[in-house]
Amino acid sequence: MLRILKYFKPFIPQILFLLLCYLVTAALNLIWPYLNGTVLYDQILAKDKSFADSFGLTSDSFITGLAFVVIAMILTKLITQIISIIQGIISATIVPKVVADMKSVIFESMGQLSLSFFNNSRTGSLMTRVLSDADRVTDFFTSILPYSVTNIFTIISTCIIMFSMNIKLSVAALCLLPILSFISIKLMPNLFHLFGKRHRTERNLNACINDNITGARVVKAFGQEKREMKAFDNYNSAICDAEIEVVNFHNRFTAMYSFVEEVASLAVWAVGAYLVLYTSNMKMGVLITFSSYVTQLKEPLNFLSRALRTWTDSKNSAERMFEIIDAKPDILEKENPIKFNMEKGSIELKNLTFGYDPNIPVLKNMNLQIEGGKMLGIVGRSGAGKSTLVSLISRLYDPQDGEILIDGVNIKNISFNDLRRHISMVSQETYIFMGTVAENIAYAKPEASKAEIIRAARLASAHDFICKFPDGYDTVIGSGGKSLSGGERQRLSIARAILADPKILILDEATASVDTETEKAIQKSLNYLIKDRTTLSIAHRLSTLRNADKLIVIDNGKIIEQGTHPELVKRHGTYFKLVELQTKALAMKGIE
Ligand SMILES: Nc1ncnc2c1ncn2[C@@H]1O[C@H](COP(=O)(O)OP(=O)(O)OP(=O)(O)O)[C@@H](O)[C@H]1O
Ligand SMILES: [Mg+2]
């Protein structure tokens, strides 16, 4: 919780001013019962002589005194109100800024985490953390902490005044407090647990909503709206139940506090009445003043109970927030990376072993050499580890064993920026960001000119379909914009990769969703593009890899064959069988 305070640092002057306001309010709150009880009853209404003398009032001008007291009482309340309005305005400007800052910090930390973090976390949980945890964390600091100064000040000073007025009455009023504090502190862990439970239900609901939005097409296609609605209802009622549990807990807390407060008031009246009746040193006015003080204690006490609950809630959220902020990325950039400028783009894998789960290797002890500027075709059945291999080369994951050298340098010694500047990947899963077509193509090179963007789009055979859009390159696509077909999306990502002008170009099923004719056109551009750059191309349609300088066949995490197309065909191995099967299949369809 102390760490959270850091986010309030830019607002120290405002916060100091707020504290001043709180102190003034607290002082005014203390004056009120005194004016209301002792001055009004015992001095003015009782026409106290010594009081009249000290203010120079004659015995018949008590009415003037009364007017003054009433005006003073009104002024006290008025000033308190004005101060509270000013406080409201100031805190209203601080809170949203602090919350926004925190959200940025969480989002930034999340951005630095490795891909494996996102594979293992649930989207719903991450969204809840960015969206609601930051709000909840600030709750304690904005709705509790500032007021605690006033309230604690009020409690302590009220107690001192009460004790100085009458010790017996004070003991009667306060004897239950220690028990109350003890029970409150004992109950806090339960409450913490309830808040955690509420978070988990919210996370599930968020995940469900997210699934239904991104997977809307599948839900509709399989007619599963009803089932999804049911799942949603379950998650929704789980939140409802969790919320009810929290509220019930709050209510029990509040009831316990109210009970103690009522008992204290009654005890004061009982003891006070006894003292008034049977002893001579107790005046009615003192009892009224005293009971006003006891009543005045109610609010700070209720506040304390709220403070305990909000503290628990904020702490619960803060723990989750810092879990992300403190999470260490698995893939760390070297502290002093060497200055690297990719010259040739040659790649070498040495004894490479990797598995998403370290116990289940996907790639086993792999060795491979790719000369700079050449094209490597990667073949293998689905799930063989082809995409995994190329993600290791752009260091989205680190191998468990072995190393990857680019131009003879271990990629672990190269800064992320230097490494990724030179590598572009058209991945199997294309993603279109919210924005215009031009912005999407220029994703890796935002400063690109319009002419460059159009050139890249032409090379990727995307220019023609983009021109048919209503606003051409300025058409908004992605979430909330125009939808694209699978092939169109692929061509945009190829254009994106081309524009980045990398030394190493990775094409993972880059043309799998386009028709044969478009594929041929793209292939032609690519043939022109792959000059001077190392190209790794993965394809199930083997005809696209025919021109590769070298082909490898991966199976079971190992390279089982390598060579050029003619060499591998001659070998009559796995590659040959695959080519034969595809040619037959295509011949049956009458395509080739
Ligand atoms: N993020 C991940 N976490 C855990 N396992 C994964 C992950 N991605 C892939 N795998 C597993 O690793 C293996 C290799 O996957 P990979 O994506 O490299 O296959 P591929 O050869 O590209 O297949 P395809 O031709 O279908 O694209 C598969 O068994 C897959 O289930
Ligand atoms: Mg793949």
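Not measured: the values here are computed from a predicted model.

Calculation rules
- Sequence order as written defines residue numbering, which begins from 1 separately in each chain.
- The naming scheme follows written order: chains are lettered A onward, ligands numbered 1 onward.
- In keeping with the model being predicted, local features are shown solely for residues with a pLDDT of at least 70 and side-chain atom pairs are shown and tallied solely at 80 or more, while totals for entire chains, interfaces and linings include all residues.
- Two strands are counted as paired when DSSP detects at least two bridges linking them.
- In DSSP terms, a helix is any run of H or I states spanning at least four residues, a strand is any run of E spanning at least two, and both are numbered starting from the N terminus.
- Residue pairs qualify as contacts under a 7 Å threshold applied to their C-beta atoms, which are placed from the backbone.
- Every axis corresponds to a line fitted to the C-alpha atoms, with the helix fit spanning only the stretch in contact, and the corresponding angles, defined between N-to-C directions, vary from 0 to 180 degrees.
- Remark: nonpolar core denotes a set of buried Ala, Val, Leu, Ile, Met, Phe, Trp, Tyr and Cys residues whose joining runs through C-beta atoms within 7 Å.
- Residue burial is a threshold on neighbouring C-beta atoms within 10 Å of the residue's own C-beta, all placed from the backbone, with 20 or more meaning buried, 12 or fewer meaning exposed, and counts in between meaning partly exposed.
- What counts as a domain boundary in this text is fixed by an automatic or database domain assignment.
- Expected helix span is taken as 1.5 Å per residue step, with the number of steps being one fewer than the number of residues.
- To decide whether a residue is near a molecule or strand, its C-beta atom is placed from the backbone and checked for lying within 6 Å of it.
- Polarity classes work like this: nonpolar for Ala, Val, Leu, Ile, Met, Phe, Trp, Tyr, Cys and Pro, charged for Asp, Glu, Lys and Arg, and polar for all others, with Gly in that last group.
- A clockwise path from the first strand over the helix to the second, with the strands pointing away from the viewer, defines a right-handed crossover.

### Digging into the sheet that holds strand S2 (residues 363-370)
A sheet is described by the order of its strands in space; here four strands give the open sequence S2-S1-S4-S5, paired in antiparallel fashion. Edge positions in the sheet fall to S2 and strand S5 (409-410), since each has one partner strand and no second. Where strand S1 (residues 347-354) meets S2, five bridges bridge the pair, whose relative direction is antiparallel. Residue Leu 349 lies in a different strand from S2, and its bridge partner there is Leu 368. Strands in contact with helix H12 (residues 386-393) are S1, S2 and strand S4 (401-406); relative to S1, the strand with the most contacts, it is inclined by about 120°.

### Points about the nonpolar core
By size, the foremost hydrophobic cluster in this structure holds 65 residues, and its most contacted members are Ile 441, Ala 456, Ala 460, Ala 495 and Ile 506. Of the residues forming this core, the biggest block, seven residues, is contributed by helix H17 (residues 486-500). Those residues in contact with Ile 441 that sit more than four places away from it in its chain are Ile 453, Ala 456, Ala 457, Leu 492, Ala 495, Arg 496 and Leu 499. The next biggest cluster of nonpolar side chains, apart from the first, holds 16 residues, and it includes Met 162, Leu 169, Val 271 and Tyr 293.

### A closer look at the domain arrangement of the protein
Taken as a whole, the protein is organised into domain 1 (99-326) and domain 2 (342-422 + 533-592). Each of domain 1 and domain 2 has a C-alpha centre, and the two are 56 Å apart.

### Observations regarding helix H4 (residues 62-112)
The end-to-end C-alpha separation of H4 is 74 Å, in line with the 75 Å expected for 51 residues at 1.5 Å each. Restricting attention to buried positions, one finds in H4 the residues Val 98, Met 102 and Ile 106.

### Quick word on the site of ligand 1
Around ligand 1, the neighbouring residues are Asn 119, Tyr 356, Val 362, Gly 380, Ser 382, Gly 383, Ala 384, Gly 385, Lys 386, Ser 387, Thr 388 and Gln 428. Sorting elements by how many residues they give to the shell around ligand 1 places H12 first, with three residues. Residues that form the shell around ligand 1 fall into these classes: three nonpolar, eight polar and one charged.

### Brief notes about the pairing of strand S9 (residues 504-508)
Counted residue by residue, S9 has five buried out of five residues, so it is predominantly covered. Going residue by residue along S9, you find Ile 504, Ile 506 and Asp 508 tucked away on one face and Leu 505 and Leu 507 tucked away on the opposite face as well. As judged from the four bridges shared by strand S6 (residues 423-426) and S9, these two strands associate in the parallel manner. By the bridge assignment, Val 426 is partnered in S9 with Leu 507. After leaving S9, the chain enters helix H18 (residues 516-529) and then returns to the sheet as strand S10 (residues 534-538), a path that is right-handed.

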